[in-house]
Amino acid sequence: MDDFASLITGFQVALSWQNVGFMAIGVVLGIIVGVLPGLGGPNGVAILLPLTFGMDPTSAIILLSSIYWGALFGGAITSILFNIPGEAWSVATTFDGYPMAVQGKAAEALTAAFTASFIGALAGVVLITFVAPLVAEFALRFGPAEFFAVFLLTFCSFIGMGRENRAKILASLCIGFLLAAVGLDSISGDLRMTFGSTELMRGFDFLIVVIGLFGVSEILLTVEEGLVFKGKQARIDLMVVLRTWAGLPRYWLTLARSCLVGMWMGVTPGGAIAASFMGYGLAKRFSKRGKNFGKGEIEGVLAPETAAHAAGTSALLPMLALGIPGSATAAVLLGGLLVWGLQPGPMLFVEQKDFVWGLIASMYLGNLAGLIIVLATVPLFAAIMRIPFSYVAPVILIVCAIGAYTISNSIFDIWLMLIFGVVGYVFKKLDFPLAPLVLALVLGDRAEDAFRQALLGSAGSLNVFYANGLVTTLVVLALMLLCWGPVSDLIGAVRNRGRASKAAEAAE
Amino acid sequence: MKQHWLAACAALVAGAGPALAWEPTKAIEIVVPFAAGGASDQMARTMQGIIQKHNLTSQPIIVVNKPAAGGAEGMLDIQKSSGDPHKLITTSSGVFMTPMATKLPLNWTDYTPVAMMAQDSFVLWVNAKSPYQKVSDFMEAAKKAAPPLKVGGTSSKREDNLIVFAMEKVGGVKLAFIPHNSGGQTTTQLAGNHIEASTNNPAEDVANWRGGATRPLCVFSDQQMTYKEPVADGKSWADIPTCPSQGLNVTYQMLRGMFMPGKVTKDQQAFYVDMFKKISQTPEWKEYLARSALVPDYRDGEAFVAFLKEDEAKHEKLMSEAGFMAK
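Basis of the calculations
Residues numbered from 1 in each chain as written. Chains lettered and ligands numbered in written order. Predicted model: local features only at pLDDT ≥ 70, side-chain atom pairs only at ≥ 80, totals over all residues. Helix = DSSP H or I, 4+ residues; strand = E, 2+ residues; numbered from the N terminus. Buried ≥ 20, exposed ≤ 12 C-beta atoms within 10 Å, placed from the backbone. Contact = placed C-beta atoms within 7 Å. Core = buried A, V, L, I, M, F, W, Y, C linked by C-beta atoms within 7 Å. Expected span 1.5 Å × (residues − 1). Arc of directions from axis to C-beta. Pairing = 2+ DSSP bridges. pLDDT = per-residue confidence, 0-100.

Undergrad: So what exactly am I meant to see when it comes to the overall build of chain B here?
TA: Assigned secondary structure in chain B consists of eleven helices and 13 strands. Projecting the C-alpha coordinates of chain B onto the three principal axes gives extents of approximately 85 × 45 × 30 Å. Of all 327 residues assigned to chain B, the portion counted as buried reaches 53%. Pairs at least 24 residues apart make up 76% of the contacts formed inside chain B by residues separated by at least 6 positions.

And the structure:
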């Protein structure tokens, strides 16, 4: 129980007045950064990194990781209120969060999202605290074939678990893959589908596409439907928090499932994005109320948020233990560690005990501080929904444009955002799901790289995908999830027909 | 009207003091054409810390990562910022190789060279549990292996790929080069035994070496490194033999330097040359060089330009031989 004593020391370090102060500042800054699309966690941390060079490394990492927690919390706010995901991992939160806000249940949705975030993060920290070395070893078993299998699992769960028209999901997924392929191909080192344009060379940035597809298209739709005061009936008081909490124990199974999915995806650098989609997809299939998903079901907010945060937190583990960042923000933090003169990797836990356990203790405290601060802001944010849409819409549009511009200081990206706004509008009108497109855009590149790396290593032989127990299990699981939906639909259809024919016989 | 007077006065003051050399008037941006956390990023952030600590300028320093398209995004940004004295870019051999491999309209002669800070070595790494104790063990195994042994590196048609190509040619073997997105990813794959070897820079693999996951076989240079401080198992960087001495006649080093956009004035260039010279003399910089096992090699002015010209010719030859030039 040597580690436990270290953790207690860690708490003592993190609980000094100075460090608690940094924690609060970090969380507030993080929320602001998370709310503004385009700015995002990685940028926020990167901008503030230089300020911390003069600080003691432990205080510095506490400040920066608190920004990370704040950004994780903040990403949910715009997703729920305006259907604009501030971060990649909050896309799935929009599916049910925004409909809830439209129905006047913004405060419930926000409370659920924040609480779920906290539960997920807590699960991640517990994982880091108790099984860090063990899990780090496990992450090493992931080669390109295993990575590809994880991505395949995510894609398959999305197709198999989806309740929309499967042909449409597939079409949307393929467009996403096509968009993901634009830019530099890291395996061959060649530029693809840029048509000589230096703007396209960067490829399609995920956030620009998402701001367009979700945010701008939603504004277009609302304008078409007439400028209704959607969230008018939202009642605001702090009791909402307690009422929402009282309803949460019912969803323990969904929460537990999402925690597991999240921790798994965070450690294997599949990341928070894949985790949030998988968490949502699984909850949709296995929940009793799965049919209502997408129409404003609280469970549809809980599932992706829990998974995303469990993953986002667990993602710090490979960074600390192996020096591989599980997320973009973790990558920037990694840069910070190096500047402070700390070398991430297997030796960090041995040589820099104070630092590591101080950080882990700050994860517990930072998340708690984050939860309290964001819950206090629920009435404030929910109140935004009472402002007439005709005032809010232009502001949202401007914030979106600024966000799109900030990502790489390019006017071209604002045009792209508007184009994707129209694309999103058309998709919604034709009833094509947007989520598969986004998923393929985010993970398509990495899935392709992993697939080709695996084949380069095996000299083109496909047997790498069933070469060991781990990869075989993942692939089989993926195929099962892919077939689950169609098969259960088929069984359902056969049964129905059986029943229908029996009914017909009875009628005769 | 008042503003006009103020402006006139300011102009007079500025005109009256030609002896005062140029000083930056707003935040200085260091563009890193690679992702956060990589070797170039570490260098830029170390410099940022040193500049602030030693008060080398009164203006803030911002590090901006523009990694898209193998660094071309950052290079295009500097190309577009012609005449802007508040921008710098960190460069590696990519300054030649990106244009060669992609046919993008980029050329280092359009930029203003400021200073070369160091050279980075490349090392042949294997998994610590692998049976390869010497370079010859590895090359022997490579001859017999089917499918070919996997050697990992960063990016396709870049430094690591050139080295692996040269190893194949010199050793008469076939290897499978597996490109990764970063040196960090490569070393993790090596630690997990998913590839048989890698050609990472010292800084990219030091953590796993110390953690007992990987082992260096030789350094791709004619000279051993000079850092004698023990790193792992009582061995130091200086203990790693050179590849040529082990019968693998492949050498390669990569420059790490700083450029400004084109069309800046002599005074502006001189300011930054002076700043980087000061940086190169600080104890923090020396500590950074030792930590990353970089070869100290500060050059500016003509010496830097001459080095660049020679290095470009060398890369052109290597890239054509390997067939990596874009058609």
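Undergrad: Looking at this model, I keep getting lost on the overall build of chain A. Mind explaining?
TA: A tally of regular secondary structure across chain A gives 21 helices and two strands. Counting the 508 residues in chain A, one finds 58% classified as buried. Contacts spanning at least 24 positions in sequence make up 79% of the contacts within chain A whose residues lie at least 6 apart.

Undergrad: Looking at this model, I keep getting lost on the nonpolar core. Mind explaining?
TA: Among soluble globular proteins, nonpolar side chains are generally buried collectively. Within the largest apolar cluster, 154 residues are counted, with the highest numbers of intra-cluster contacts made by L110(A) and V438(A). The element contributing the most residues to this core is helix α6 (residues 106–139) of chain A, with 17 residues.

Undergrad: Teacher, can you tell me more about helix α9 (residues 266–281) of chain B here?
TA: Helical geometry note: an α-helix holds 3.6 residues per turn, so side chains three or four residues apart project in the same direction. All names here are of chain B. Taking 1.5 Å per residue, 16 residues should reach 22 Å; α9 reaches 23 Å between its end C-alpha atoms and fits that length. For α9, the set of buried residues is Q268, F271, Y272, M275, F276, I279 and S280. Projected down its long axis, α9 shows its buried positions confined to an angular sector of 165 degrees, all on one face. Residues of α9 that are exposed and point more than 90 degrees away from the buried face comprise K266 and Q281. Against the buried residues of α9 lie α2 (39–53), β3 (87–91), β4 (112–121), β12 (253–260), α10 (283–291) and β13 (295–300).

Undergrad: When you look at the pairing of strand β2 (residues 61–65) of chain B in this model, what are you seeing that I'm missing?
TA: A regular strand carries its side chains on alternate faces of the sheet. Residues and elements named next belong to chain B. Here β2 shows a buried face lined by I61, V63 and N65 and an unburied face lined by I62 and V64. Of the pairings in the sheet, the one linking strand β1 (residues 28–32) to β2 comprises five bridges and is parallel in character. In the sheet register, V32 faces β2, and the bridge partner there is N65.

Undergrad: Would you explain the environment of A145(A) in this entry?
TA: Residues and elements named next belong to chain A. Tracing the backbone through its elements, the reader meets A145 in helix α7 (residues 144–161). Judged by the 27 C-beta atoms lying within 10 Å of it, A145 is buried. Residues A145 and V475, 330 residues apart in the sequence, show an inter-C-alpha distance of 9.8 Å. Every residue in contact with A145, bar those within four places of it in the chain, is listed here: A454, V464, F465, A467 and V471.

Undergrad: Whenever I open this one, the pairing of β12(B) confuses me. Can you help?
TA: All names here are of chain B. Most of β12 is tucked away, with eight of its eight residues classed as buried. Burial along β12 is two-sided: Q253, L255, G257 and F259 and M254, R256, M258 and M260, pointing in opposite directions, are all buried. Where β3 meets β12, three bridges bridge the pair, whose relative direction is antiparallel. Bridge assignment links I89 to a residue of β12, and that residue is F259. Inspection of the sheet shows β4 paired to β12 by eight bridges, in the antiparallel sense. Each residue of the ladder has a partner; that of M116, found in β12, is G257.

Undergrad: Would you mind showing me how to read the confidence of the model for chain B here?
TA: Residue and element names in this part refer to chain B. Scored by pLDDT, chain B comes out at a mean of 88, with 93% of its residues at no less than 70. Scored below 50 in pLDDT, residues 1–19 makes zero contacts in the model with residues more than four places away or belonging to other chains. Both scores are available for the predicted complex, with the pTM at 0.82 and the ipTM at 0.84.

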